[in-house]
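# Structural description and commentary
In case you want the letters, here they are:
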Amino acid sequence: MSVQAEGAAGAERIAPRDSLYGDAEKVSDDKHHGFAAGWWQTLQLAFQSIGVVYGDVGTSPLYVYSSTFPGGIRHPDDLLGVLSLILYTLVLLPMLKYVFIVLYANDNGDGGTFALYSLISRYAKIRMIPNQQAEDASVSNYSMEEPNSQMRRAQWVKHRLESSKAAKIALFTITILGTSMVMGDGTLTPAISVLSAVSGIREKAPNLTQSEVVWISVAILFLLFSVQRFGTDKVGYSFAPIISVWFIFIAGIGAYNLAAHDVTVLRAFNPKYIVDYFGRNGKEAWVSLGGVVLCITGTEAMFADLGHFNIRAIQLSFTFILFPSVALCYMGQASYLRKFPQDVGDTFYKSIPAAMFWPTFIVAIMAAIIASQAMLSGAFAILSKALSLGCFPRVKVVHTSKKYSGQVYIPEVNFLIGAASIIVTLAFQTTTNIGNAYGICVVTVFSITTHLMTVVMLLIWKKNIAFVVGFYIIFGLAEFLYLSSILSKFVEGGYLPFCFSLVLMALMATWHYVYVKRYWYELDRVVPAAELTALLARRNVQRVPGVGLLYSELVQGIPPVFPCLVDKIPSVHAVFVFMSIKNLPIPRVALPERFIFRRVGPAEHRMFRCVARYGYTDQIEGTKEFSAFLIEGLKLFVHDEAAFSCPHTDNGGDNNNNNDDNDARRLEQAVVAEEEKRFIDAEVERGVVYLMGEAEVAAAPGSSGLKRIVVNYVYTFLRKNLSESHKALSIPKDQLLKVGITYEI
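A brief report on the enclosed structure follows. (Residues numbered from 1 in each chain as written. Predicted model: local features only at pLDDT ≥ 70, side-chain atom pairs only at ≥ 80, totals over all residues. Heavy atoms only, no water.)

Counting its secondary structure elements, the chain contains 27 helices and 8 strands. For the chain, with 745 residues in total, the buried portion stands at 57%. Taking as baseline every contact in the chain between residues at least 6 positions apart, the subset at least 24 positions apart corresponds to 84%. Counting every atom, the chain has about 30300 Å² of accessible surface; 62% of that belongs to carbon and sulfur. (Helix = DSSP H or I, 4+ residues; strand = E, 2+ residues; numbered from the N terminus. Buried < 20%, exposed > 50% of the residue type's maximum accessible area, 1.4 Å probe, protein only. Contact = heavy atoms within 4.5 Å. Areas by Shrake-Rupley, 256 points an atom, 1.4 Å probe, with all protein chains shown as cover.)

Okay, here's the thing in structure tokens:
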């Protein structure tokens, strides 16, 4: 099932690519995308980020101690060891790694695992379908540097990545693994957050059984997933006040407990207590790391949601709001547990002063819902980015916010995640069991980010090798320790995210494999220009009124579905456009650069090719808006083509006859262009018809049994049940014509 070798051979069989293919990669310099902000705007963004980014990590105090000490506290000083672990984990991973290093590896303002992969793919040809050409050197995001030791090392890394199929597959695999784990996080976050928040009601209603608490949580989860379709348009200013109140509450309660019970827990800032904790408990201390790591759940959201804010805003909100609040909360809980160790199973609610219980309980429920909402929105956004890799069926992605480009909703995925979250809550019953599964998702994504960041440092940042090695060893070892601890609880719930991720990865890999094979199949069978002219010259082929848009994945050549269309319906619209939607490995493409046109055949054919370029966070416009932009772009192309088709001479006034001839030709071309623009407008009035190839993909005769299963059954099932290309492209059914064709790959 070799795609790369086949792709390279296919590339050699193709005639030299025209400029459309290279131009489709060119974009202007728009690195900041509005993220360069003054201090006042930065402070506003920092406030908004509280509601979007920190709901998950901010609600972790609800369940960390109960997950760390499921069997109770054996020694009073164990609390100091665990508190020290919590504090230094918060400093090491979220603060040092993410806030002050990883955030700077954003892709033109956008963050997340997928953004790292896209960033790497622009500097090295690592994608299964090549997305780079020689013209990329002129793109503003690419820069040449004077040769030095770091530059030579970067060139070596680039060469190794591009020449190694195993390296390409490894990078792609860990990227879709990260995506799968984030989807698992989106499933488990609502379950553990809502269940832990609702469990507090048993403090005032002790007669409630755990089963009844679970069913109350299920009802809230059902409501949460039901309202996803409405989006979170005002997510920043709506949620930030609630989470801010939550942080004030937990910081205040933490300070109260610290003063009221045992202020000596501040000794935990001495890392010696971590050493003592491991020396005293050995393997049990190592196993308990699976509970400690839950204090940093949701950290990846700081990077994934960076596109809504900026680096400085995240740094300010984390350093001055989140960290002090949760640190005080954990210290207060440790102080309380020093006096009441028997309450470790429900530390958070037990430690709340009686007068503050109900306000805190209500805010806790709201904070848990917000934490779930933010994680779900992030999961939808990451999966929508994966669509541009061809890793998932082209499903309907609903952009729920005009202000925040990353706020999206995917109906099919929402249903599947919602069902999985409710099933997990019913099956696992307690936050301790769910926490065993939850931690694996969190630490796996951390580890994937560390590996991709190392490639970024070597290939793009060209950092000193000592810094790169130090980064990889320090954070890699810390994450390995946590991951090894969580894996020890594999049979106690840790298997869940692995099973979930393996299934999702298998589906994504299957779709991507067939997507790549289908691409090269079409590329090897593009219709030559001479054959196109012969098709239109056939006696039975009529030119009918209107504009026809034939969609194809190819950005070069005439797709093989076109002859099938002419054979089945011997007619071609008066204006015909071969339309390609191209996803560039960048977050956004400016609207003036959206469309690129080329003429196909003689001018009298009025046939064109168009590439519509989108970044992986761009929204495809609605039908009317898209067609309006397309037609305006086409007319502008016709105008520019006429304007630049005549020779421009500078004869110094010595040859007036030549100048007069040139002026006459320009005038003639301008008249022709105006006539063609009026013709296009007239045909648009007669109607626009969208045409798509409905390709049945089957394994070629002689294929292996595994390939037949993957192509004929798994891919076909996904295509028939999930793929809705016309909806994803906002094409109305009453203007859509599908043309059947079979590809044997």
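Attention now goes to the pairing of strand E4 (residues 571–583). Here E4 lies mainly inside the structure; 12 of its 13 residues are buried. Bridge analysis of strand E3 (residues 542–552) against E4 gives 9 bridges, and the strand direction is parallel. The partner of Ser 552 across the bridge, within E4, is Ser 580. Taking the sense of rotation as the criterion, the β-α-β connection linking E3, helix H23 (residues 561–568) and E4 turns out right-handed. Relative to strand E6 (residues 607–614), E4 runs parallel, the two sharing 8 bridges. (Pairing = 2+ DSSP bridges. Right-handed = clockwise from strand over helix to strand, strands pointing away.)

Another aspect to go through is the packing of aromatic side chains. The relation between two aromatic rings is expressed through the spacing of the ring centres and the mutual angle of the planes. Taken as a whole, this structure holds 25 aromatic pairs when the rule is applied. Arranged with centres 5.2 Å apart and planes meeting at 85°, the rings of Phe 357 and Trp 358 form a pair that is edge-to-face. Note on Phe 562 and Phe 578: the rings are 5.1 Å apart at their centroids and 75° apart in plane angle, and the pair reads as edge-to-face. Taken together, the positions of Phe 562 in helix H23 and Phe 578 in strand E4 put the pair 16 residues apart, joining distant regions of the chain. Here the two residues Phe 562 and Phe 578 agree in accessibility, since each one is buried. (Phe/Tyr/Trp six-rings, centres within 6.5 Å; stacked < 30°, edge-to-face > 60°.)

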